[in-house]
Amino acid sequence: MADEDKDGITLTEKQRKARRARSIAIGLGLAALVIIFYIATIAKFGPAILDRAL
């Protein structure tokens, strides 16, 4: 079912490459958001977050 949907549609090689490119772009965008949120959290709490008691 990798190449076909429920209706039996077969994707061309060009469509598969476009789908893969979109998936990679979405994945990179999501990774960038995670990194931005991580950096923003560290910036909000400041360096004192590393000096807390365990």
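Residues numbered from 1 in each chain as written. Predicted model: local features only at pLDDT ≥ 70, side-chain atom pairs only at ≥ 80, totals over all residues. Heavy atoms only, no water.

Asks: Describe the overall build of the protein, naming the residues involved and giving the relevant values.
Replies: The helix and strand inventory of the protein stands at 1 helix and 0 strands. For the protein, with 54 residues in total, the buried portion stands at 4%. Total accessible area on the protein stands at roughly 5300 Å², and carbon and sulfur atoms take up 66% of it. (Helix = DSSP H or I, 4+ residues; strand = E, 2+ residues; numbered from the N terminus. Buried < 20%, exposed > 50% of the residue type's maximum accessible area, 1.4 Å probe, protein only. Areas by Shrake-Rupley, 256 points an atom, 1.4 Å probe, with all protein chains shown as cover.)

Asks: Mind laying out a nonpolar patch on the surface, listing which residues take part and the relevant values?
Replies: Side chains of I35, Y38, I39 and I42 sit close together on the surface and give an oily, nonpolar patch of about 420 Å² of accessible area. Mapped onto the elements, I35 comes out in helix α1 (residues 13-45). (Patch = residues over 30% accessible without salt bridge, like charges linked within 9 Å, V, L, I, M, F, W, Y side chains within 5 Å. Salt bridge = Lys/Arg side-chain N within 4 Å of Asp/Glu carboxyl O.)

Asks: Now, about the UniProt feature "transmembrane region" (unreviewed entry) in the protein: what can you tell me, with residues and values included?
Replies: The UniProt record marks residues 24-45 with the feature "transmembrane region" (unreviewed entry), using the residue numbering of this structure. Within residues 24-45, the helical portion is 100% and the strand portion 0%, while the C-alpha atoms at the span's ends are 32 Å from each other. (UniProt positions renumbered as here; feature names shortened; annotations may be inferred.)

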